[in-house]
Amino acid sequence: MSSKYEVVIGLEVHVQLTTNTKIFCGCSTAFGGEPNAHTCPVCLGLPGALPVLNKKAVEFAIRTGLATHCSIAPRSVFARKNYFYPDLPKGYQISQFELPVCEHGHLDIETEAGGAKRIGITRIHMEEDAGKLVHGDTADTAGSSFVDLNRACTPLLEVVSEPDMRSSDEAIAYLKKLHQIVVYLGVCDGNMEQGSFRCDANVSIRPWGQKEFGTRAELKNINSFRFIKQAIDYEVERQAEILEEGGRVVQETRLFDTTTGMTRSMRGKEEAHDYRYFPDPDLVPLVISEQWIDQVRQGLPELPEAKIERYVSEYGIPRYDAEVLSAERPVADYYDACVRLHGNAKACSNWVMGEVQRRLNEEGIGIDQCPVTPELLAGMLGRIDDNTISGKIAKTVFEEMWKSGDTADAIIEKKGLKQVTDTGAIEQIIDEILAANPGQVEEYRGGKEKVFGFFVGQVMKASKGKANPAAVNELLKKKLQG
Ligand SMILES: [Zn+2]
């Protein structure tokens with residue numbers, strides 16, 4: 001039904017910054033903690049307490065703006081967004097309204113159905129988060145609500161996109177890209193469950209060819225990629241049904257219910273707040289110099305897009321590998337270190353994407369906790385290159401490095417894993433195997449060449465995997481023909 005309509009999506013993402021302290025006071029931003037333990041007169045909104053802007057938060061905003069191709073405003077202004085709610089003790093939230101810190105950026109995304117596409121970023125502004133209400137759920141506390149202001153005054157960036165997305169897939173691609181960038185930049189921990197990266201989606205539909213946008217619904221505060229997709233898809237169907245029945249979509253704010261997979265009305269346009277924004281008289285305009293912007297630009301890490309290009313053109317690995325390896329910065333850092341130490345980019349990517357990733361998954365740990373360091377891995381790859389061990393034995397060595405933290409050289413020595421390349425020794429084993437299996441030798445000589453694999457297996461087994469496979473192949477062929 002929805003294929004009759006074009007879908008229009010704009011996203012507003014709240015990115016919680018990883019500064020140690022809050023945006024306008026020195027309180028800790030640590031997650032959790034006893035309720036109201038991380039508070040002071042400023043974030044409690046006590047009369048007379050004055051906000052002081054956190055410089056690190058501004059630097060993070062500049063970093064994010066530069067990485068998303070925004071222009072950085074030389075002068076931006078903090079405003080008061082006035083509304084009353086118990087989680088906001090001042091009665092207003094400090095945010096940026098008319099003059100945000102970053103504007104006119106974009107992100108390039110790619111989806112299977114839509115291909116490559118550029119999504120505009122209207123603006124990025126800085127603001128403080130509100131506190132949290134905890135609703136009582138025991139016999140004593142039912143009916144009561146409790147205020148926890150630990151989160152109040154935590155620094156946020158709000159990243160507002162243009163209404164450029166045309167499907168839930170495009171919305172997810174954009175969100176994943178933005179998520180990857182802010183985590184790469186180190187400005188956000190990316191933890192969606194704890195609300196460090198959460199999203200409002202503006203969704204509307206219109207008949208194909210219509211120029212004007214349809215009436216939109218705003219879906220509030222969704223904190224997982226899967227739920228965002230579900231919420232948008234549900235909302236598109238809901239609006240299409242209304243139009244099909246000759247109805248009219250009303251502008252409203254809707255909540256996504258994760259248990260039913262449906263959205264429901266929270267408030268209509270009539271109940272929407274008039275925030276009566278005005279410049280905060282307690283804060284001077286934020287002035288950012290060209291020099292500071294340049295300094296932040298110099299310190300930007302290499303971002304995934306650039307990494308993928310470098311891996312493909314410089315390292316010569318397949319694009320798919322490059323994408324997997326650059327998806328998370330710690331993995332890319334590990335991989336880069338391996339290549340620096342070992343030189344063979346393809347061998348390194350095979351091991352990082354293979355054994356290393358497999359073991360990390362088994363243990364459920366990140367690569368930053370990997371007991372096999374790039375140094376250890378590169379050392380082992382060197383022993384494969386110089387034929388000290390075979391690729392097969394390398395797996396045994398790797399497992400041993402994982403457990404003991406010893407170097408490959410020490411393990412090879414201690415366990416006697418050195419590859420047998422001495423042809424005399426291999427020949428002797430082959431002779432024994434052939435003598436023990438006259439039937440199979442007859443079969444092979446009678447034209448059944450598949451038996452060859454059986455002999456290779458037997459020889460490798462007899463040598464405990466240490467015989468050089470190339471030498472085994474060559475010698476076996478010679479002996480069987482003879
Ligand atoms: Zn405080």
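Residues numbered from 1 in each chain as written. Predicted model: local features only at pLDDT ≥ 70, side-chain atom pairs only at ≥ 80, totals over all residues. Heavy atoms only, no water.

If you check an unreviewed UniProt entry, the chain appears there as Aspartyl/glutamyl-tRNA(Asn/Gln) amidotransferase subunit B from Desulfuromonas versatilis. According to UniProt, the comment filed for the chain under the heading Subunit (unreviewed entry) is "Heterotrimer of A, B and C subunits." UniProt's Sequence similarities (unreviewed entry) comment on the chain is quoted here verbatim: "Belongs to the GatB/GatE family. GatB subfamily." (UniProt positions renumbered as here; feature names shortened; annotations may be inferred.)

Enquirer: Any chance you could explain the packing of aromatic side chains here in plain terms?
Expert: Two numbers describe a pair of aromatic rings. These are the distance of the centres and the angle of the planes. Summed over the entire model, instances satisfying the criterion amount to 12 aromatic pairs. Ring centres of Tyr311 and Tyr335 lie 5.2 Å apart, and the angle between their planes is 80°; on these two criteria the pair is classed as edge-to-face. Placement of the pair is Tyr311 in helix 5 (residues 304-315) and Tyr335 in helix 7 (residues 329-342), with a sequence separation of 24 residues. Given a relative accessible area of 0%, Tyr311 falls into the buried group. Ring geometry for Trp351 and Phe398: centres 5.7 Å apart, planes at 50°, overall tilted. Residue Trp351 is located in helix 8 (residues 345-363), and its partner Phe398 is located in helix 10 (residues 391-404); the two are separated by 47 residues in the primary sequence. (Phe/Tyr/Trp six-rings, centres within 6.5 Å; stacked < 30°, edge-to-face > 60°. Helix = DSSP H or I, 4+ residues; strand = E, 2+ residues; numbered from the N terminus. Buried < 20%, exposed > 50% of the residue type's maximum accessible area, 1.4 Å probe, protein only.)

Enquirer: What is the right way to read the coordination of the zinc ion from this model?
Expert: Each donor-metal-donor angle in an ideal tetrahedron of four donors is 109.5 degrees, and each such angle in an ideal octahedron of six donors is either 90 or 180 degrees. The zinc ion binds to the protein through Cys25 (SG), Cys27 (SG), Cys40 (SG) and Cys43 (SG), with metal-donor distances spanning 2.3 to 2.4 Å. Around the zinc ion, the four donor atoms sit at angles spanning 100 to 116°, and that spread fits a shape best called tetrahedral. One chain supplies every donor to the zinc ion, and in sequence these donors are spaced C-x1-C-x12-C-x2-C. Of this pair, Cys27 sits in the loop between strand 1 (5-16) and helix 1 (55-67) while Cys43 sits in the loop between strand 1 and helix 1, and the two are 16 residues apart along the sequence. On the basis of relative accessible area, Cys27 is assigned to the buried category, the value being 9%. Accessibility expressed as a relative area gives 3% for Cys43, which makes it buried. (Donors = N, O, S within 2.8 Å, 3.2 Å for Na, K, Ca; no water. Tetrahedral: all angles 85-135°; square planar, octahedral: opposite > 155°, others 65-115°.)

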